[in-house]
Amino acid sequence: MIPQDPVMLLSFLNLKLRDFYESLDALCEDLDLNKEEILNKMKQIDHTYDKEKNRFV
């Protein structure tokens, strides 16, 4: 289960992306997450996925 609070989710996602996954697509596929839902939740707190940095900024 992933955090529901957007700020906690941000921390969770960036940690996973940094330590375990080469891309957001790989993370979503492995954890069976809806990529669009993740992107929309992060947009709520003004963060977007930076593909080159492989993190939400």
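Cut-offs applied
Residues numbered from 1 in each chain as written. Predicted model: local features only at pLDDT ≥ 70, side-chain atom pairs only at ≥ 80, totals over all residues. Heavy atoms only, no water. Helix = DSSP H or I, 4+ residues; strand = E, 2+ residues; numbered from the N terminus. Buried < 20%, exposed > 50% of the residue type's maximum accessible area, 1.4 Å probe, protein only. Contact = heavy atoms within 4.5 Å. Areas by Shrake-Rupley, 256 points an atom, 1.4 Å probe, with all protein chains shown as cover. Lys, Arg positive; Asp, Glu negative; His and termini not counted. Charge placed at Lys NZ, Arg CZ, Asp CG, Glu CD. Axes fitted to C-alpha atoms, helices over the stretch in contact; angles between N-to-C directions. Parallel < 35°, antiparallel > 145°, perpendicular 65-115°, else oblique. Nonpolar A, V, L, I, M, F, W, Y, C, P; charged D, E, K, R; others polar. Arc of directions from axis to C-beta.

Student: Go over the overall build of the chain, please, and point to the residues and values.
Tutor: Counting its regular elements, the chain contains 3 helices and 2 strands. Reading the secondary structure of the chain in the N-to-C direction produces α-α-α-β-β. For the chain, the proportion of its 57 residues judged to be buried stands at 30%. Sequence separation of at least 24 residues holds for 48% of the intrachain contacts in the chain that already meet a minimum separation of 6. Element-wise, carbon and sulfur atoms account for 48% of the exposed surface of the chain, whose accessible area totals about 4,200 Å². Once the 8 positive and 12 negative side-chain charges of the chain are each reduced to a mean point, those two points are 5 Å apart.

Student: Account for the packing of helix α1 (residues 6–19) against helix α2 (residues 24–31), with residues named and values stated.
Tutor: In the contact formed by α1 and α2, the axes pass within 10 Å of each other and the chain directions differ by 105°. As summarised for this structure, α1 and α2 are arranged roughly perpendicular, according to the angle between their axes. Where α1 approaches α2, its residues F12, L13, K16 and L17 are matched on the opposing element by L24, L27 and L31. Classifying every residue of the contact of α1 with α2 by side-chain character gives 6 nonpolar, no polar and 1 charged.

Student: Let's hear about α2: which residues, and what values?
Tutor: Count 3.6 residues to each turn of an α-helix, and residues three or four apart come out pointing the same way. Those residues of α2 not exposed but buried are L24, L27 and C28. The buried side chains of α2 occupy one side of the element, clustering within an arc of 95° when seen end-on. What points out from α2, more than 90 degrees from its buried face, is the exposed set E29 and D30. Where α2 terminates, the next one or two residues include D32, which has phi positive at roughly 55°.

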